[in-house]
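# Fold and contact review
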Amino acid sequence: MSQGVVKGKGKEKETEKLKAERRENEADDRLWVDMYEPTTEAELAVHVKKVEDVRRWISEAFDGGPSGKLKKYRRILALSGPAGTGKTSTVRVLAREMGFEILEWRNVIGEASNITFDDSGENHASGSSSSFNPLEDYDSDYESLFTKFETFLNRASSCQNIFASSASSSKAPSPPQFHSSTSKPKSPSIQSSGSPGAKKHVILLEDLPNILHARTQAQFHAALNSLVSSLPSEPPVPVIIIVSDAGVRGEAGDDVGTGGSGLSRGGWGRDRDRDVVDVRTVLGKELLNSPYVTQVVFNPIAVTLMRKALQALLSTHFSSYSVSLRCATPSKDVLEIIITSANGDIRSAIMALQFACVVELQPRKGKKGKEKNSAEKVIMEAITRREQGLHLFHLMGRLLYNKRKGDPPNPRATTKDIQKDRDLDAGLQDPPKPPPHLREHERRTSRVDVDLLYADSPIDSSLFSLYIHQNYTQFCDDLDQCEGVAEALSWVDSNGGEAWYQGNPHRFHLLALGTLHALPSPVPRRSQKLFKPEFFHFLQKEKDAWDGVRDARRWVVDETLGGNAIAWRAGGWSKSDVAVELGGILKSRDTTSLMTSRPPASHRLFSRMPFALGSNERGQQLGEGEVNGGEEEEEEELGIWGVGKKDEVHNGGWLEGDDIDDFE
Amino acid sequence: MSLWVDQFRPRTLDTLHYHKGLSERLKSLAASGDFPHMLFYGPSGAGKKTRITCTLRQLFGAGVEKLKIDQRVFLSPSKRKLEINIVQSNFHIEITPSEAGSYDRLVIQEILKEIAQTQQVDLNAKQRFKVVIINEADSLSRDAQAALRRTMEKYMSNMRIILCANSTSRLIAPIKSRCLLMRVAAPSPTEMHDVLKFVSKRAGFDLPEEVSSKIVDDSGGNLRKAILVLEALKMQSPDLTGSITIAKPDWETYCNKVADLIVSEQSPARVMEVRTKFYELLSHCIPPTVILKTVAERVVERVDESLKAEIMHWAAFYEVRMRVGNKKIYHLEAWVVKVMSLYKHFFYDIDMSGFD
């Protein structure tokens, strides 16, 4: 109790101190992310090759490449990748280095906000704000946000901004002239920045109109299409679109909807709104595959690159701010924790770093080094913890390799890894021995923390179970182990009621634990490869086949109506009757030519089933992440289980199974 | 030209070929003026719907045969359009709410309310009420069944409901207790022979005895299937002589081969193979329960006597789970793995005893 009071006081003092410090230097308020934004390519933590890709694209867009003809096809560049991988920074740095100007679209929230921000962070009202009149604001000239966007796009891509150079060179506090020519004072602001005297422009779309609204999306696609189909203006104004792959956890949508039962009955489960913003929704399928669009995917920032960048940042910070030297440079351990927990997101890493420097992390005296370390770790984890910790690939790997305490180390493991495992094992408690009749269930303690898996899982339990289902057989040695997993899957799936709220809230845990319990230990390495569930593919097929059933049924009914004057028993055929029993007759009607009316050809979708032995197509492999436009698209459109496909997507082939350990 | 199944279907209770007792009872019920809600249940192809239509005719006369087929559009709560086919006459309306998937409650409510709130205007109508036929009642969701239960009580004055289902096990008790249950059993082989003979006579040819018995054996008590097979056979070989093999539908042959796969090898790799086959079957719209039943029957034919009971037990076990669960493939596969492991252990144990 008393200790708590003392601590509280200590904290108060500390905050006081901080406040005082703040007052001393107001400029310190800015976030480090803004303060130390990279200005040269050397400072960028992005992989050199990616920067080179973007640079080449931009130069081709302006100059047309070596042949001079590429200009036509370098119209839209889509930069995608997880948040905080330096997409925007790359463009800005290149703008500075290559000398072009960025015209950026910003949505305005609320019609009345007529305040624009410019680079320096000062805000200033635009001209008419003093004479602001709400009535004027809603006059007949009202333009929807999207109309404004279109206007912006048109003018920015076709008109030369004659004042731009002067505006940006003088850094005048007035909004760029271009802006006032756009339409009204209340229109969204256009920011222009870049080197003075630049003649070339690039349109940067980062803050997109509301793509999730179906109509806006269609309009947006149409606008981009018309932009692309027109000839490039002279000089060309390429468009750069930046889309962060916001991973969506499908938790809320966990098994909402009808599941298979709904589908097998009527197939109404489709058309769920696609509520994920990714490159595909933003650009549309056709546009993405058209030659006018180039996509560059940014990967999470590598650990080494990030460490370099953070260290550079720290050194600049502590050399220029002698005042703030009072709070010490964060220790190396802290830096490491920040880097590992950031998962390649440099923005979050810098934020965490700033936090680490503002708050006194060193605990009070008298504590041992190790404890201190763990305390730091707790704090750092608390601030840097992110929802999407694990990539799907690693999640599955961790689960399916079923590591347990005392596993022999991987021959390729480094001593450091072995030590790490040993430390981990030391922390794990052995479970009590089961009584003799339960001996068969005795297992060594698992190294997998299911709670952690659940917390970090990027997918919901339904998709998770599909992934387990697709892949478990490779990891089993014999049928008994298979039986365990299959039983767990079956039990969890049938556990709970019809409605989503009746579902078992522990599904994920039950699945994970059931699988872990059933799998052999250790799992033999056979260079297993992870696959994506085939489930969705067959679901699509089933849906098509149901259409065939519908056609066939209509045919039967029409036949009946045509044959007899009195429509009799027209609704007599249920769908499953058609699918199960009508096959024979449809087949023979197809073969005999005597019949006047033939059944619709689509019946073959359900009536024809050639048996092919060994044609074991295994669907797509789950890479550590890859980009593919085609097939995954379809799976997403299904969305029947309330989940899209949310593989972590970035470049790279699949890993050998053994590589999974290295990641842990 | 319509299918024989539809063409030669009996239209009145008097012309029905079998279950005479049931017909008598229906007739007296229709005459009594106190017609209850009804639930017809029984295996498919036993004649449930035929009996329902015959009863309707008995109730309302020939006017009930003047049908029109509508397509009604319902709006789901998320403003999605659901198209439902509705067959109706002046006296009754027939719906299959399960076509709307999980929105079946909506369909039930809308239609029943509409029917219930309109009085019979035709003064010549024999009955004061209208009849609503609900097909595939056993695939109604719980919500829909609850909705139905309430309306059944509320609008008893001007509406009767006839439910048609394969089994009563999926219906909630309150509905069962509000209905008069009519079990329509599958016809016996002799009854089926009679019907086949009748059909062939009407179609204008003589059916050889052996062909008839072959068809009956193959059909497993499903009269619709039997007549369809007969028609297909007639189409393939118009004289119906010589050695006649009944061509099974593709999916049945497929199930057969899946059973072979299960029995011939038991390994995790084989599990994967069988899974693909199951996926294939599912994607051809074969209902999962049918798949499980057929494959289980085929497997049972191929294994030792002592295993049969166990295999069927697990088939039943996983069938129940399948009904509750969402992803049918899990349960099918769980059953396969179970069977494989049983089968393997069976041989393994024999080997061990041989050593002793």
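Everything below is about the structure shown above.
Quick look at the structure, then. (Residues numbered from 1 in each chain as written. Chains lettered and ligands numbered in written order. Predicted model: local features only at pLDDT ≥ 70, side-chain atom pairs only at ≥ 80, totals over all residues. Heavy atoms only, no water.)

For the rest of this paragraph, the subject is the pairing of strand 1 (residues 76-81) of chain A. All names here are of chain A. Taken across its six residues, strand 1 has six buried, putting it largely inside the fold. The alternating pattern of strand 1 places I76, A78 and S80 and L77, L79 and G81 on opposite faces, both of which are buried. As paired elements, strand 1 and strand 8 (residues 293-297) share five bridges and run parallel to each other. Within strand 8, the residue paired with L77 across the bridge is T294. (Buried < 20%, exposed > 50% of the residue type's maximum accessible area, 1.4 Å probe, protein only. Helix = DSSP H or I, 4+ residues; strand = E, 2+ residues; numbered from the N terminus. Pairing = 2+ DSSP bridges.)

Enumeration according to the criterion identifies 18 aromatic pairs over all chains in this entry. Note on F535(A) and Y279(B): the rings are 6.3 Å apart at their centroids and 65° apart in plane angle, and the pair reads as edge-to-face. Here the residue F535(A) occupies a position in helix 23 (residues 535-563), and Y279(B) occupies one in helix 11 (residues 268-282), the pair thus bridging two chains. Of the two residues, F535(A) and Y279(B), neither departs from the other in class, the shared state being buried. Members of the aromatic cluster, each reached through a chain of ring pairs, are F535(A), F536(A), F538(A) and Y279(B). Of note, R160(B) hangs over the ring of F129(B), and the distance from its end group to the ring centre comes to 4.5 Å. Sitting over the ring of W314(B), K338(B) keeps its end group 4.2 Å from the ring centre. (Phe/Tyr/Trp six-rings, centres within 6.5 Å; stacked < 30°, edge-to-face > 60°. Lys NZ or Arg CZ within 6 Å of the ring centre and 35° of its normal.)

Residue and element names in this part refer to chain B. For the structure on display, the rule yields 29 salt bridges over all chains. R302 serves as the salt-bridge partner of D260, at 2.6 Å between the closest nitrogen and oxygen. Here D260, found in helix 10 (residues 250-264), pairs with R302, found in helix 12 (residues 288-302); they are 42 residues apart in sequence, far enough to count as distant. For R302, a relative accessible area of 29% gives the class partly exposed. For the salt bridge of R298 with E301, the shortest nitrogen-to-oxygen distance reads 3.1 Å. With R298 and E301 both in helix 12 and three residues apart, this pair spans about one turn of that helix. We classify R298 as buried; its relative accessible area is 15%. (Salt bridge = Lys/Arg side-chain N within 4 Å of Asp/Glu carboxyl O.)

Attention now goes to the interface of chain A and chain B. Between chain A and chain B, the contact holds 86 residues from the first and 86 residues from the second. Here chain A and chain B share an interface that buries about 7900 Å² over both sides, 57% of which is from carbon and sulfur atoms. In this structure, the connection of chain A to chain B is made through three salt bridges. The residue E487(A) makes a salt bridge to R321(B) at a minimum N-O spacing of 3.0 Å. Put simply, chain A and chain B have 19 residue pairs in polar contact (both at pLDDT 80 or more) between them. Elements with a minimum of two residues in the side of chain A that touches chain B: helix 10 (259-265), helix 20 (461-475), helix 21 (479-494), helix 23, helix 24 (575-581), helix 25 (583-591) and helix 26 (604-607) of chain A. (Contact = heavy atoms within 4.5 Å. Buried area = accessible area lost by both parts, 1.4 Å probe. Polar contact = N/O pair within 3.5 Å; in protein donor to acceptor, adjacent residues only side chain to side chain.)

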